[in-house]
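As a plain string of letters, each chain reads:
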Amino acid sequence: MHPSTGEGSVDTTGGPATVAPEHLGKTWVKGFLSNILNPKYGMFCLAVIPQFLVPTIAPLWMGLMLSVISNLEAALWFTLIITAAHYFRRWLDGPRFRKVIDRVTGTALGAFGLVALAETRHG
(Lines give C-alpha, C1' and ligand atoms only; values in the text may rest on other atoms or scores of the structure.)
Protein backbone atom coordinates (compact mmCIF):
# COMPACT_ATOMS: atom_id res chain seq x y z
CA MET A 1 0.00 0.00 0.00
CA HIS A 2 1.22 3.40 -0.86
CA PRO A 3 0.75 6.28 1.57
CA SER A 4 -0.10 8.74 -1.21
CA THR A 5 -3.13 6.68 -2.29
CA GLY A 6 -4.79 7.10 1.08
CA GLU A 7 -5.46 3.34 1.28
CA GLY A 8 -3.02 2.68 4.09
CA SER A 9 0.35 3.45 5.53
CA VAL A 10 3.26 1.44 6.84
CA ASP A 11 4.53 1.95 10.35
CA THR A 12 8.31 2.35 9.96
CA THR A 13 8.91 1.57 13.63
CA GLY A 14 8.44 -2.14 12.92
CA GLY A 15 4.83 -2.32 14.05
CA PRO A 16 1.97 -3.68 11.96
CA ALA A 17 0.71 -1.65 9.01
CA THR A 18 -2.47 0.34 9.50
CA VAL A 19 -5.11 0.40 6.82
CA ALA A 20 -7.65 3.17 6.34
CA PRO A 21 -11.26 1.93 6.11
CA GLU A 22 -12.50 1.27 2.60
CA HIS A 23 -15.97 2.25 1.39
CA LEU A 24 -18.44 -0.61 2.00
CA GLY A 25 -19.65 -0.60 -1.63
CA LYS A 26 -16.11 -0.91 -2.97
CA THR A 27 -15.37 -3.73 -0.54
CA TRP A 28 -18.58 -5.53 -1.54
CA VAL A 29 -17.78 -5.24 -5.27
CA LYS A 30 -14.26 -6.60 -4.73
CA GLY A 31 -15.61 -9.55 -2.74
CA PHE A 32 -18.37 -10.21 -5.28
CA LEU A 33 -15.93 -10.20 -8.21
CA SER A 34 -13.52 -12.41 -6.30
CA ASN A 35 -16.27 -14.96 -5.67
CA ILE A 36 -17.95 -14.83 -9.08
CA LEU A 37 -14.61 -15.25 -10.90
CA ASN A 38 -13.52 -18.11 -8.63
CA PRO A 39 -13.75 -21.33 -10.68
CA LYS A 40 -13.95 -23.48 -7.54
CA TYR A 41 -17.49 -22.34 -6.78
CA GLY A 42 -18.58 -23.12 -10.34
CA MET A 43 -17.07 -26.59 -10.04
CA PHE A 44 -18.82 -27.06 -6.69
CA CYS A 45 -22.17 -26.14 -8.25
CA LEU A 46 -21.63 -28.48 -11.20
CA ALA A 47 -20.63 -31.35 -8.93
CA VAL A 48 -23.15 -30.98 -6.10
CA ILE A 49 -26.32 -29.22 -7.26
CA PRO A 50 -27.45 -31.80 -9.87
CA GLN A 51 -27.89 -34.37 -7.09
CA PHE A 52 -30.64 -32.26 -5.56
CA LEU A 53 -32.65 -31.37 -8.67
CA VAL A 54 -36.32 -32.34 -8.47
CA PRO A 55 -37.68 -33.86 -11.72
CA THR A 56 -40.98 -31.94 -11.49
CA ILE A 57 -39.25 -28.52 -11.30
CA ALA A 58 -37.39 -26.92 -14.20
CA PRO A 59 -33.66 -27.61 -13.68
CA LEU A 60 -32.68 -23.98 -14.30
CA TRP A 61 -35.00 -22.63 -11.59
CA MET A 62 -34.19 -25.40 -9.14
CA GLY A 63 -30.46 -24.91 -9.72
CA LEU A 64 -30.76 -21.16 -9.24
CA MET A 65 -32.78 -21.64 -6.06
CA LEU A 66 -30.19 -24.05 -4.65
CA SER A 67 -27.39 -21.64 -5.59
CA VAL A 68 -29.18 -18.78 -3.83
CA ILE A 69 -29.67 -20.92 -0.72
CA SER A 70 -25.99 -21.89 -0.78
CA ASN A 71 -24.97 -18.24 -1.05
CA LEU A 72 -27.30 -17.19 1.76
CA GLU A 73 -25.82 -19.88 4.00
CA ALA A 74 -22.32 -18.70 3.12
CA ALA A 75 -23.29 -15.09 3.87
CA LEU A 76 -24.69 -16.13 7.25
CA TRP A 77 -21.57 -18.14 8.05
CA PHE A 78 -19.22 -15.29 7.14
CA THR A 79 -21.37 -12.84 9.10
CA LEU A 80 -20.95 -15.06 12.16
CA ILE A 81 -17.18 -15.27 11.64
CA ILE A 82 -16.88 -11.50 11.20
CA THR A 83 -19.04 -10.84 14.25
CA ALA A 84 -16.95 -13.23 16.36
CA ALA A 85 -13.70 -11.67 15.11
CA HIS A 86 -15.03 -8.21 15.94
CA TYR A 87 -16.11 -9.36 19.40
CA PHE A 88 -12.68 -10.90 20.13
CA ARG A 89 -10.76 -8.13 18.34
CA ARG A 90 -9.04 -6.71 21.43
CA TRP A 91 -7.84 -10.18 22.40
CA LEU A 92 -6.79 -11.07 18.82
CA ASP A 93 -4.80 -7.82 18.49
CA GLY A 94 -3.05 -8.33 21.82
CA PRO A 95 0.68 -9.05 22.07
CA ARG A 96 0.12 -12.30 23.98
CA PHE A 97 -2.07 -13.76 21.22
CA ARG A 98 0.37 -12.64 18.51
CA LYS A 99 3.22 -14.28 20.40
CA VAL A 100 1.31 -17.56 20.69
CA ILE A 101 0.28 -17.48 17.01
CA ASP A 102 3.86 -16.72 15.93
CA ARG A 103 5.15 -19.67 17.95
CA VAL A 104 2.48 -22.08 16.71
CA THR A 105 2.93 -20.98 13.10
CA GLY A 106 6.71 -21.14 13.35
CA THR A 107 6.57 -24.61 14.87
CA ALA A 108 4.16 -25.87 12.19
CA LEU A 109 6.22 -24.41 9.34
CA GLY A 110 9.41 -25.80 10.86
CA ALA A 111 7.80 -29.25 11.15
CA PHE A 112 6.63 -29.09 7.52
CA GLY A 113 10.14 -28.15 6.49
CA LEU A 114 11.66 -31.05 8.39
CA VAL A 115 9.15 -33.50 6.87
CA ALA A 116 9.87 -32.13 3.38
CA LEU A 117 13.61 -32.45 4.01
CA ALA A 118 13.21 -36.03 5.27
CA GLU A 119 11.11 -36.96 2.24
CA THR A 120 13.64 -35.57 -0.23
CA ARG A 121 16.43 -37.57 1.42
CA HIS A 122 14.43 -40.82 1.32
CA GLY A 123 12.73 -40.32 -2.03
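These notes cover the structure that comes with them. Residue positions are given per chain, counted from 1 along the sequence in the order it is written. Totals for whole chains, interfaces and linings use all residues, but because this is a predicted model, local features are given only for residues with pLDDT of at least 70 and pairs of side-chain atoms are given and counted only at 80 or more. Computation of side-chain values: all heavy atoms of the structure, hydrogens and water removed.

1. Comments concerning the pattern of salt bridges
Thinking step 1. What makes a salt bridge here is a side-chain nitrogen of Lys or Arg within 4 Å of a carboxyl oxygen of Asp or Glu, nothing more. The tally for this structure, following the rule as stated, stands at three salt bridges.
Thinking step 2. Note that Glu22 is salt-bridged to Lys30, the shortest N-O span being 3.2 Å.
Thinking step 3. Its salt-bridge partner being Asp93, residue Arg98 comes within 3.7 Å of it at the nearest N-O pair.
Thinking step 4. For every residue, the accessible area (1.4 Å probe, protein chains only) is compared with the maximum for its type, and the residue is labelled buried under 20%, exposed over 50%, or partly exposed between those bounds. Residue classification places Asp93 among the partly exposed residues on the basis of a relative accessible area of 44%.
Thinking step 5. Linked by salt bridges that have partners in common, Arg89, Asp93 and Arg98 make up one network.

2. Observations concerning the layout of surface pockets
Thinking step 1. The method works on a 1 Å grid over the protein atoms by themselves. A cavity is a set of points holding a 1.4 Å probe that cannot get out, a pocket is an open set with protein on both sides within 12 Å along at least five of seven lines, and residues with an atom within 4 Å of a point line them. Grid points are joined across faces, edges and corners, and a volume is the space filled by probe spheres set on the points. By volume, the largest pocket is sized at about 870 Å³.
Thinking step 2. Looking at the largest pocket, it is lined by 20 residues, and the ones nearest its centre are Gly31, Asn35, Asn71, Ala74 and Phe78.
Thinking step 3. Every helix listed is a DSSP run of H or I at least four residues long, and every strand listed is a run of E at least two residues long, numbered separately from the N terminus. For the lining of the largest pocket, the secondary structure elements donating two or more residues are helix 1 (24-36), helix 2 (39-48) and helix 3 (59-87).
Thinking step 4. Ranked by the residues each element gives to the lining of the largest pocket, the list is headed by helix 3, at eight residues.
Thinking step 5. Its residues assigned to classes, the lining of the largest pocket comprises 10 nonpolar, nine polar and one charged.
Thinking step 6. Its volume calculated, the second largest pocket comes out at about 150 Å³. In this classification, the charged set is Asp, Glu, Lys and Arg, the nonpolar set is Ala, Val, Leu, Ile, Met, Phe, Trp, Tyr, Cys and Pro, and all remaining amino acids, among them Gly, are polar.

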